[in-house]
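What follows is the residue order along each chain.
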Amino acid sequence: QVQLVESGGGLVQAGGSLRLSCAASGSIFRIDAMGWYRQAPGKQREFVASITTGGSTNYADSVKGRFTISRANAKNTVYLQMNSLKPEDTAVYYCSAAVRVRITTPSLDYWGQGTQVTVSS
């Protein structure tokens, strides 16, 4: 089994910053891409950012220039530094990881339980 546990969410005023963390644990041979998604009330889950094992990153247009994704491969951890937060960033943030549990098996996507980020105006 693989578990992803997020932390770092909370309440912040517009213009403020938060740093989310997500640590993967369990039966892990290798983690390929890791990423962050978010879901606001009444909306579908949307992509925020992703990062490959080699450090290549991709961002949603809505967060480019404000959010930075990074990872510590040795710790199986991914981070999301969120600056210049806006009320429209309010959502539950989920981390995801493409995990290979054995060298002979394909990678599967795992999800964390989510952490609430609330940005007040």
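In what follows, the structure referred to is the one given above.
Residues numbered from 1 in each chain as written. Predicted model: local features only at pLDDT ≥ 70, side-chain atom pairs only at ≥ 80, totals over all residues. Heavy atoms only, no water.

Participant: Help me out: how do you make sense of the side chain of threonine 90 in this one?
Facilitator: With respect to the helices, strands and loops of the structure, threonine 90 is situated in the loop between strand S8 (77-82) and strand S9 (91-100). A polar side-chain atom of threonine 90 sits 2.9 Å from the main-chain carbonyl oxygen of proline 87. At 2.9 Å, the side chain of threonine 90 and the backbone nitrogen of valine 119 are in polar contact. Ignoring any residue separated from it by four or fewer positions in sequence, one finds threonine 90 in contact with Ala40, Gln116, Val117, Thr118 and Val119. (Helix = DSSP H or I, 4+ residues; strand = E, 2+ residues; numbered from the N terminus. Polar contact = N/O pair within 3.5 Å; in protein donor to acceptor, adjacent residues only side chain to side chain. Contact = heavy atoms within 4.5 Å.)

Participant: Which parts of the structure should I look at to understand the nonpolar core?
Facilitator: Among soluble globular proteins, nonpolar side chains are generally buried collectively. Judged by nonpolar contacts, the single largest core of 31 residues is most densely connected at Trp36, Leu80, Met82 and Tyr93. Those elements that provide at least two residues to this core are strand S1 (2-7), strand S3 (18-26), strand S4 (30-39), strand S5 (46-51), strand S7 (67-72), S8, S9 and strand S11 (115-120). The element best represented in this core is S9, accounting for five residues. (Core = buried A, V, L, I, M, F, W, Y, C linked by side-chain atoms within 4.5 Å. Buried < 20%, exposed > 50% of the residue type's maximum accessible area, 1.4 Å probe, protein only.)

Participant: Would you mind going over the state of the cysteines with me for this structure?
Facilitator: Note on terminology: a disulfide is the covalent bond linking the sulfur atoms of two cysteines. Evaluated as defined, the whole model comprises one disulfide. Covalent S-S linkage joins cysteine 22 and cysteine 95, the inter-sulfur distance amounting to 1.9 Å. In this pair, cysteine 22 sits in strand S3 while cysteine 95 sits in strand S9, placing the two residues 73 residues apart along the sequence. The pair cysteine 22 / cysteine 95 is uniform in exposure class, with both members buried. (Disulfide = S-S within 2.5 Å.)

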